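Here is how the chains run, residue by residue.
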Amino acid sequence: MHRPMEKLHKGALELGIELAKGQLGQFEAYYREMAEWNQKVNLTAITEYGEVQVKHFLDSLTACLALDGQPPPGAKIIDVGTGAGLPGLPLKLAFPDIRLVLTDSVGKKTRFLHHLMEVLGLADVEVFTGRAEELGHRQDLRENFDLVVSRGVAKLPALLEYTLPFCETGGKVIAWKHADIKKELADAEGALKTLGGQLRGIVPVQVAGLTDQRVLVIVDKTRATPAEYSRRPGVPAKRPIKSQNARPVD
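Residues numbered from 1 in each chain as written. Predicted model: local features only at pLDDT ≥ 70, side-chain atom pairs only at ≥ 80, totals over all residues. Heavy atoms only, no water.

We now examine the environment of R223. As for its position among the elements, R223 is in the loop between strand 7 (214–221) and helix 10 (235–238). You can call R223 buried: its relative accessible area is 15%. For the pair R223 and G107, spaced 116 residues apart in the sequence, the C-alpha separation amounts to 33 Å. (Helix = DSSP H or I, 4+ residues; strand = E, 2+ residues; numbered from the N terminus. Buried < 20%, exposed > 50% of the residue type's maximum accessible area, 1.4 Å probe, protein only.)

Before going further, it helps to spend a moment on unusual backbone geometry. Omega for the bond connecting L86 with P87 falls within 30 degrees of zero, at 10 degrees, which places this linkage in the cis form. Tracing the backbone shows P87 in the loop between strand 1 (76–80) and helix 4 (88–94). Between Y229 and S230 the backbone carries a cis peptide bond, its omega angle lying at 0 degrees. Here S230 shows up in the loop between strand 7 and helix 10.

Most of strand 2 (residues 99–104) sits out of view: five of its six residues are buried. Note that strand 1 and strand 2 share five bridges and pair parallel. Across the sheet, I78 pairs through a bridge with V101, a residue of strand 2. For the crossover from strand 1 across helix 4 to strand 2, the handedness is right-handed. In this region the chain leaves strand 2, passes through helix 5 (residues 107–120) and returns to the parallel neighbour strand 3 (residues 125–129); the handedness of that crossover is right-handed. (Pairing = 2+ DSSP bridges. Right-handed = clockwise from strand over helix to strand, strands pointing away.)

Turning to the pattern of salt bridges, a few remarks are in order. Applying the stated criterion across every chain yields a total of 12 salt bridges. Linking D59 and R214 is a salt bridge whose minimum nitrogen-to-oxygen distance equals 2.8 Å. Highlighted residues: D59 in helix 3 (residues 49–61) and R214 in strand 7, separated in sequence by 155 residues. Salt-bridge contacts for E161 lead to R231; the nearest nitrogen and oxygen are separated by 2.8 Å. Note that E161 is positioned in helix 7 (residues 156–163) and R231 in the loop between strand 7 and helix 10, a separation of 70 residues in sequence. (Salt bridge = Lys/Arg side-chain N within 4 Å of Asp/Glu carboxyl O.)

Counting through the fold element by element, T194 comes out in helix 9 (residues 189–195). Only 2.9 Å separates the side chain of T194 from the backbone oxygen of G190, close enough to count as a polar contact. (Polar contact = N/O pair within 3.5 Å; in protein donor to acceptor, adjacent residues only side chain to side chain.)

The subject of this paragraph is the sheet that holds strand 2. To summarise the sheet geometry, strands pair through backbone hydrogen bonds and adopt either a parallel or an antiparallel arrangement. In space, the seven strands of this open sheet follow the order 3-2-1-4-5-7-6, with mixed pairing throughout. Both outer strands of the open sheet, strand 3 and strand 6 (197–204), are each paired with one neighbouring strand and no more. The sheet shows a mean angle of 20 degrees between the axes of neighbouring strands, taken without regard to direction. Pairing geometry for strand 1 and strand 4 (residues 145–151), over three bridges, is parallel. Bridge pairing in strand 4 places D79 opposite V149. Contacts from helix 5 reach strand 2 and strand 3 within the one sheet, and its direction differs from that of strand 3 by about 165 degrees. (Axes fitted to C-alpha atoms, helices over the stretch in contact; angles between N-to-C directions. Contact = heavy atoms within 4.5 Å.)

Before going further, it helps to spend a moment on helix 7. Extensive coverage of helix 7 is indicated by the burial of eight of its eight residues. Residues of helix 7 that are buried include every one of L156, P157, A158, L159, L160, E161, Y162 and T163, and no others.

Their axes nearest at 8 Å, the elements helix 1 (residues 6–14) and helix 3 cross at an angle of 30 degrees. Compared by their axis directions, helix 1 and helix 3 come out roughly parallel. Our pair here, helix 1 against helix 3, has a crossing hand that is right-handed. Here E6, K7, L8, G11 and A12 of helix 1 lie close against helix 3, whose contacting residues are G50, Q53, V54, F57, L58 and L61. (Parallel < 35°, antiparallel > 145°, perpendicular 65-115°, else oblique. Left-handed = near helix turned anticlockwise from the far one by under 90°.)

As structure tokens, then:
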């Protein structure tokens, strides 16, 4: 008989994370609920038990490679475009003392997340339905988070406009990407300057099972984002901020 979440357990140890039996049980329940809801709501194309452990849950925990091993105690984290709760919820299950906000524009997905909160009995988690461009202007969310995470949402110029407005000065954004991102990085220079971000570095993900050259892009928030950003829904993706339009760095 297999141990529940054995691949996740082993992979997490590679990252220096020891998941207790109760935590692995929560991940098991997360998988069951996701598989069941996925039959009626399009949450994920990855549904096989082993693949979910590695390509969803473990991949989410690789954020620790950019965080000196783990999020700071009590960190306020927002996951922008979370979908089925990734990467935010695996981080919450691994590090229960973080305070987490999950956002997604699709109501069916956020209904799943509300249901999942009840099943898992999680505290200090809020779920918001809406576009990042609009939520980023809410007073209770804007520049209010130590860490902003986002996985598989958009190319970097647009993604920075979605995420940096949520990040407090001195905080950071972590974006999950794949290896050859030189063009994305070059295209994002204008967005970084305009929105108050500065590239800290690119961290390669070298964990068993994650073999497709994944990397984490780490951006520091160095100054406040101008009030007009994010722009209207749809605009960041259609008209990314260009370098020649960038404001000078203070």
